[in-house]
Structure formats: C-alpha cells, structure tokens
Amino acid sequence: MDYKKLANLLFPEINKDINYYFEKYPKRKLEKNAQVTRIAPSPTGFLHLGTAYGALIDFLVAKKSNGVFYMRLEDTDQKREIENAGQIAYDMLCYYGITPNEGYAGNNKQVGDYGNYIQSQRIEIYKTFAKHLVEIGRAFPCFCEKSENIEDILNRRSEQLEKTENIETKDPCRNLTYEQIEENIKLGKPFALRLLSKGNANNTFEFDDLIKGKRILRENDKDIVLLKSNGIPPYSLAHLVDDTLMGTTLVVRGEEWYSSLPAHLELFDAFGFPRLNYAHTPVICKLDEQGNKRKLSKRKDIEADVRYYIEKGYPKQSVVEYLLNLLNSDFEDWRLKNPTLNYFDFEFDISKIGSNNPMFDILKLEDISKNIISYYPAQQIYDEVCNWTKQYDKNFYKILTNNKEKCLELFSIDRINTPKPRKDIAKWSDIKNLYNYVFNELYENKNFNNFEFDDKITNENKIAVLKAYLPLYSENDDKQIWFDKIKSICEPLGFCSDMKTFRKSPENFLGSVADISGIIRIALTGRKNTPDLYFISKLLGQAEVLKRINECINLLSNKSS
Ligand code: GLU
C-alpha cells in the first residue's frame, strides 16, 4: 500500500509534518539529570487528593533535580468538561505550594515555550503525528461504529493485564485495501484511527517502573485508538505527542494507567521516539463502613477533594506533609528529628514509594497537623486562624480580632521554648471549641452540663476548695507564689500538697494538690485539660477568675442542695 497516499487521503487538511513541531519545540537546555515532570489533570471541577499526591512527586522530583514541573490541561474528553475546572485544579495546586513553574497558569494564562498547554487547542498537532504514523504504515482507519469505545473497554480490564487472555484485539479494518478505504471516505463515513499493533501477547518483556520496580509485562497486541472519529485523540496519542514535544522525562501518573503501558510503549516504538520513564503511583484507599478497602472516591468521600481540608482549616503544610508521609515512610522520623526544617529539605526519594495502596487516615493527618502547629509561633497561629475564620466563621473572626493580644498570649502558652510543645490544635476550626473559655463573649453561653467535673471528690469538698481559693487569688502573684497558695489550702481541707507523699498513701487524703488544681481548672474553663493554669488565669484576669469561681460555687451549691 502507498502509505503516503493513504495519509493524504485521510488527512488532506494537514500540511505540516512532525519535523515542523520538533523545530518549533527544540530540546530543552537543562542541566544533566534535570527532570521534566508534569501534572496533567483532566478538568473535573476539583483536585483529587490523589492528583495532589502525584503532583507532589512531580514537584519534588523536578525541584530536587533543578528541572521543570509543568501543568498541562487534558481537556479533550468533552463529556466531562466543567467550566473553570482547569482554574480550580491550578489554584488548588498553588494553594498547597505544589506550584507548577511552567504551563497552564489559570486566568487564561500560559507560561513557557512548549505550549499550547491545553490539549483541546492542540488538535492539529495530534493529527500531524497521527498522519505521520499512517505514512510509516503503523496506523489505519477503522470505520466500525463506536470503535472509539473499544479502547475504553480494554483499559478497564486493568487487573487482567498480567494474565493470558485470548481476546481478539486486532481490528478487522486493518485489512482494508486502499480502494476500500477510499470508497468509505468518498461515502463520507467517519473513521477512527488505530495503531497497527505488531505486538504478540504471548511475548513478555521487562519494564522498570520507578515505583513498581521491575515487572514482566505482556506485549501489547491491541490496535488501540489514536484518533476518535471526531478527530480527537484519546490519552494514548495525546500523551505521547505532548510528553515528547514538551520534553517530559518522567511521567508520574495513577496506577490505573499501568494496564495501558504496553500499548503506550508500543506507540513510542512505532514512532521511533525514545520511551519515557514512568512512575505509576499507588491509589489512595480508605476503609468503608463495612471495613472493606476501596479507592478514595470523589463521589463518596468528601476527603477526596482537597478543598475539604481548606474548609476544615487544616494548614496546607499539614496536608502536604501527610502526603509526604504516605509517599516516604521515613518522612515521619525525619520530621521528628527536624521539627522546624522546611519539608523541602527532606531527601525525598521516589524509589522509596511503596507500591501498596496507602490507606487514608484522617486521625494520622490530625496527629501530623497537631505536631506541625505545635511548632508555629503564636503570631503565625493567630494570623492563620484569622485568615481562616474571616472566610469560614465570621463571628469568631470578630472575637479574635477584638482580642488580638489575648490570643497571642494564649497561643504562646506551653508552646514557645518548651521541649514538649502543646499538641492540641489540628485545624483552625478546632480553636473555637478548644479555647472558648478564653473569650468571655463565647463563654457567656457556656453549658454547665458540659463541665468535666468528676465524682471522685464530693461537691461539698469542691466547694470548700473553691471557697478557700477565692480570697487567695491575685493576678499579680508570680507563678511560685500562686502555686504556694494552692498548696496552702491542701492540708486544712484534707488534701495532700506533696505528690510523692500522696502516691505512697492516697487513702490518707481526700485528694492531692493536683486534684485541687483540677477543680480550679474546671471551675475556670469547664475543662480537665488546658494549657498551664497559671497563665490561663492571668489571661482571664482577676475579675473574671473571681466571677467564674463564684459562679461555680453557686452551681455546685445548687447541685448539692
Ligand atoms: N489526564 C490524565 C488523568 O487525569 C493524566 C494522566 C497522566 O498524568 O499522564 O488521569
């Protein structure tokens, strides 16, 4: 067959050749070993946590090697297109600091010399490459109806990849003669373009995936679709063209693409282009209510959308470090040893990403976040909580800004200059509930039923403690004097002021000095656990301390009577 003639028959409108594009997009001039990575989301209207996870790999690999991390919009699947979706994905990446340094940049902007970075605007380029493949005898038109769906069906069979399958994969249209094709074209029949596969699924080859390691794969034998009948390429051709022209060196993509890898490799070979390196990322899973493991799903799980973490008020650093923790399990140790370093300083290693699907665990995220926030200076906590409440809790925002000095003091207690900083805040939305007692405006409406008093000590004795403490409290006392005063009420009331003595024979006492502090703490805050009581009392101020103790005495008296 005269393939050149066939190519012109199929693509009369295409008058450029692939060399035109290779000249237009020359090889990047980068340092040796510099990696070019990309995030190529399909615009779905939100950024999946799994996409952020992949993008983080791209970002770190490029950064570590002084390379390039660019963003491309894979928007050719019009069924799924949602307005503004590219913008949302870009904004979310930037929000989390996983900022591409080239490519699609939101607000109708693109940065870099390898654009256009929006696939729907590159159709002519894809067709040029498709035409080239026809010219070299490696692609043919397929006139079967709905032929473009076959690849989708094949792709879905991901798990079956490494099994022998006896399915008919060679398309019958590959045997059409030039005359038959010409006839169809004359009749105006639409065609899809398919790869003329030369693979044999009985043959295997070894492939070294940067995450999955070396595996034996079967050759592709499917005549995969390269252009759908509407002239739009599916992923296989589009990614080959884009990643080749844009100079990608490493493709980091979801594991769901692994099953199509042999087809993609055959396509690179058919063009005679160098193959790229691939890293197929495991899929983030979670346990559902029945205890079954399943993919974190955008339809079922609100946590799949990275906006969820913004709305809940998790610092971006916490989300990124949680992902890093899923990627490299030694990150956690490194963070413990280096609590204040930037995570960029961590020696991220793509080969240490396990190939097992990581389990999403919100409690782990909370722990990581508590740890991170515990090292934030008070001013940063204040700024961030203000920032968050300004959008998500306007009332509390007002309270915070009316009490700036108080907040700064509050966020300093047990945090600065202490070997074990307080780890109680996981997200900005925790603060209101955790520290409501600090703000009189919030505390006015307290519910005494929620006071965490226990029954170890009788109400009469609690009242006695509070009554004894009331005349002693002075906000001007230093910490030692304040504590000495608390101790001084122990013995007269039958409590033990010395913890060692108490531990030896607790039966001789109503309780210890710790119980006394506990009673005062709950009277002042309603809570068993708060930062250092001395500082909390000072923050409340003399009048408020006395008022709250009196209120509590009344409350307990009413309860006992
Ligand atoms: N658009 C593809 C996706 O969203 C990109 C895959 C890739 O990164 O190559 O899955």
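So, here is what we can say about the structure in this document.

The rules behind these values
- Residues numbered from 1 in each chain as written.
- Predicted model: local features only at pLDDT ≥ 70, side-chain atom pairs only at ≥ 80, totals over all residues.
- Heavy atoms only, no water.
- Salt bridge = Lys/Arg side-chain N within 4 Å of Asp/Glu carboxyl O.
- Helix = DSSP H or I, 4+ residues; strand = E, 2+ residues; numbered from the N terminus.
- Buried < 20%, exposed > 50% of the residue type's maximum accessible area, 1.4 Å probe, protein only.
- Pairing = 2+ DSSP bridges.
- Axes fitted to C-alpha atoms, helices over the stretch in contact; angles between N-to-C directions.
- Contact = heavy atoms within 4.5 Å.

1. With respect to the pattern of salt bridges
Then, number 1: Tallying each qualifying case throughout the model produces 33 salt bridges.
Then, number 2: Between K4 and E135 there is a salt bridge whose closest N-O contact spans 3.9 Å. Of this pair, K4 sits in helix α1 (residues 3-10) while E135 sits in helix α5 (residues 123-135); the two residues are 131 residues apart in sequence, bridging distant segments of the chain.
Then, number 3: Measuring nitrogen to oxygen at the nearest pair gives 2.9 Å for the salt bridge that ties E74 to R72.
Then, number 4: Overall, the relative accessible area of 8% leaves E74 in the buried class.
Then, number 5: Taken together, the shared-partner salt bridges in this structure form one network comprising R38, R72, E74, R122, D242 and D243.

2. Section: the sheet that holds strand β5 (residues 139-142)
Then, number 1: If you walk across this open sheet you meet the three strands as β5-β6-β9, and the pairing is antiparallel. Both outer strands of the open sheet, β5 and β9 (225-227), are each paired with one neighbouring strand and no more. Within this sheet the neighbouring strands show an average axis-to-axis angle of 40°, counted without direction.
Then, number 2: Bridging between strand β6 (residues 192-195) and β9 involves two bridges; their strand directions are antiparallel. Paired with R194 across the bridge in β9 is V225.

3. Here we look at the environment of Y53
Then, number 1: Within the secondary structure, Y53 sits in helix α3 (residues 49-64).
Then, number 2: Owing to a relative accessible area of 0%, Y53 belongs among the buried residues under this scheme.
Then, number 3: Along the backbone, Y53 and K212 are 159 residues apart, and their C-alpha atoms lie at a distance of 16 Å.
Then, number 4: Filtering out sequence-adjacent residues up to four positions away, Y53 remains in contact with T281, P282, I284, L323, L326, L327, I353 and P358.

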